[in-house]
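Letter by letter, the chains look like this.
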Amino acid sequence: MSQSDIVLQVQGVSKRFGGLQALQDVGITIRKGQVYGLIGPNGAGKTTFFNVITGLYTPDGGTFELGGAPYVPTAVHEVAAAGIARTFQNIRLFPEMTALENVMVGRHVRTSSGLIGAVFRTASFKAEEAAIKARAQELLDYVGIGKYAEFKARTLSYGDQRRLEIARALATDPKLIALDEPAAGMNATEKVVLRELIDRIRNDGRTILIIEHDVKLVMGLCDRVTVLDYGKQIAEGTSAEVQRNEKVIEAYLGAGHKPH
Ligand SMILES: Nc1ncnc2c1ncn2[C@@H]1O[C@H](COP(=O)(O)OP(=O)(O)OP(=O)(O)O)[C@@H](O)[C@H]1O
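Residues numbered from 1 in each chain as written. Predicted model: local features only at pLDDT ≥ 70, side-chain atom pairs only at ≥ 80, totals over all residues. Heavy atoms only, no water.

With an unreviewed UniProt entry as reference, the protein is termed ABC transporter ATP-binding protein, source organism Sphaerotilus microaerophilus.

The following block contains the structure:
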């Protein structure tokens, strides 16, 4: 393992909401090709951590490096341009746009003709648009919903909408893809398909950070896992190491927390 295969390095992240310390000195290192899991009981700080690294919340402290370069997660669009794409716990698609258009929106982060080209429909814009469309269709096929390209996003099943969000995230060609509870609301069959998809994305060389309540799914999928509890990082390691960590067992079984 060398320094150069580190995709995201986060050190000493803290975030306070009024009197509540939502994150306290949290750090993770994600290497190329890993699926990295973030777990913890309700209110542990997982979403806050995701929101910090994707520019939705400003941390009180912490340092960040993405692909070996210092990185400041400020505005959401800058985070996407820097190379982190995310999905949301509560799906955020454009419901009245087609599946294909939703993915094309993601791809526009990486195009060069920009707004002027779009307004005047220049030759380079049109060529770029055709390439974007082709790539968007490819990504829909890749996540297994190619046949729904022309369907409005809102008409897709819940599981397919989650896969569409993943296709849109992949469209930005990210260094890191961050999945916020991708299995939420899925039935057992959909979870199996999701697991296969995440495995395939990893095998194709991508790096993935995942928050997930389904501990079984996380343990089966993740190379490394961090466990948060009341904003503190109580364990970090391989799935097997984390599973037998006493603090983790206690946090999940302890009073006041609902086990998942
Ligand atoms: N914008 C906010 N303002 C105030 N408090 C917040 C805010 N966001 C989160 N919190 C608080 O910070 C703590 C951590 O919340 P967070 O949503 O990060 O936990 P989580 O691990 O994602 O929980 P869950 O599994 O329920 O999604 C909670 O006590 C929550 O109430």
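1. Quick look at the pattern of salt bridges
One pass over the structure, following the stated rule, counts 13 salt bridges. In this structure, the salt-bridge partner of Arg 31 is Asp 5, at a minimum N-O distance of 2.7 Å. Here Asp 5 lies in the segment before β1 (6-17) and Arg 31 lies in strand β2 (residues 20-31), a separation of 26 residues in the sequence. Of the charged contacts in the structure, one is a salt bridge between Glu 138 and Arg 135, with a shortest N-O distance of 2.7 Å. Linking Glu 138 with Arg 135, this pair stays in helix α5 (residues 123-143), spanning three residues, or about one helical turn. A relative accessible area of 27% means that Arg 135 is categorised as partly exposed. Look at the salt bridges and you will find they share partners, linking Arg 195, Asp 199, Arg 202 and Asp 223 into a network. (Salt bridge = Lys/Arg side-chain N within 4 Å of Asp/Glu carboxyl O. Helix = DSSP H or I, 4+ residues; strand = E, 2+ residues; numbered from the N terminus. Buried < 20%, exposed > 50% of the residue type's maximum accessible area, 1.4 Å probe, protein only.)

2. A word on the sheet that holds strand β3 (residues 35-39)
Overall, mixed pairing links the six strands, which are arranged β6-β7-β8-β3-β9-β10 in an open sheet. This sheet does not close on itself; its edge strands, each paired only once, are β6 (84-86) and β10 (232-237). Pairs of neighbouring strands in the sheet enclose a mean axial angle of 20°, with direction left out of account. Sheet topology note: the strand β9 (residues 224-229)/β10 ladder contains five bridges and is antiparallel. Its bridge partner being in β10, Val 227 is matched across the sheet by Ala 235. Each of β3, β6, β7 (176-180), β8 (208-211) and β9 touches helix α1 (residues 46-53); the most contacted strand, β8, lies at about 145° to it. Lying over the sheet, helix α6 (residues 158-171) contacts β6 and β7, oriented at roughly 160° with respect to β7. (Pairing = 2+ DSSP bridges. Axes fitted to C-alpha atoms, helices over the stretch in contact; angles between N-to-C directions. Contact = heavy atoms within 4.5 Å.)

3. A closer look at the nonpolar core
Core analysis: the biggest nonpolar cluster contains 46 residues, and Leu 140, Leu 164, Ile 166 and Val 227 have the highest contact counts within it. In terms of residues, this core owes the most to one element, α6, which gives six residues. When sequence neighbours within four positions are dropped, the list of residues in contact with Val 227 reads Ile 39, Gly 40, Lys 232, Gln 233, Ile 234, Ala 235, Val 242, Val 248 and Tyr 252. Within the second largest apolar cluster, 25 residues are counted, among which are Val 10, Leu 38, Phe 50 and Leu 228. (Core = buried A, V, L, I, M, F, W, Y, C linked by side-chain atoms within 4.5 Å.)

4. Quick word on the site of the ligand
In the region of the ligand, 13 residues are neighbours, and Gly 43, Lys 46, Thr 47, Thr 48 and His 213 sit closest. Asn 42 is positioned such that a nitrogen or oxygen atom in its side chain is 3.1 Å from an oxygen atom of the ligand. At 2.8 Å, a side-chain N or O of Lys 46 approaches an oxygen atom of the ligand. Contact with the protein chains removes 65% of the 630 Å² of surface that the ligand exposes when unbound. Put simply, the parts of the chain that give the shell around the ligand at least two residues each are β2 and α1. Examining the composition of the shell around the ligand, we find that three residues originate from one element, α1, more than from any other. Class assignment for the residues of the shell around the ligand results in six nonpolar, six polar and one charged. (Near = heavy atom within 4 Å. Polar contact = N/O pair within 3.5 Å; in protein donor to acceptor, adjacent residues only side chain to side chain. Areas by Shrake-Rupley, 256 points an atom, 1.4 Å probe, with all protein chains shown as cover. Nonpolar A, V, L, I, M, F, W, Y, C, P; charged D, E, K, R; others polar.)

5. Quick word on the packing of aromatic side chains
Counting across every chain of the model gives three aromatic pairs. Between Phe 17 and Tyr 57, the aromatic rings sit 5.4 Å apart at their centres with planes inclined by 80°, giving edge-to-face as the arrangement. Of this pair, Phe 17 sits in strand β1 while Tyr 57 sits in the loop between α1 and β4 (61-66), and the two are 40 residues apart along the sequence. Arranged with centres 5.2 Å apart and planes meeting at 65°, the rings of Tyr 148 and Phe 151 form a pair that is edge-to-face. Taking NZ or CZ as reference, Arg 200 lies 4.9 Å from the ring centre of Tyr 142, over its face. (Phe/Tyr/Trp six-rings, centres within 6.5 Å; stacked < 30°, edge-to-face > 60°. Lys NZ or Arg CZ within 6 Å of the ring centre and 35° of its normal.)

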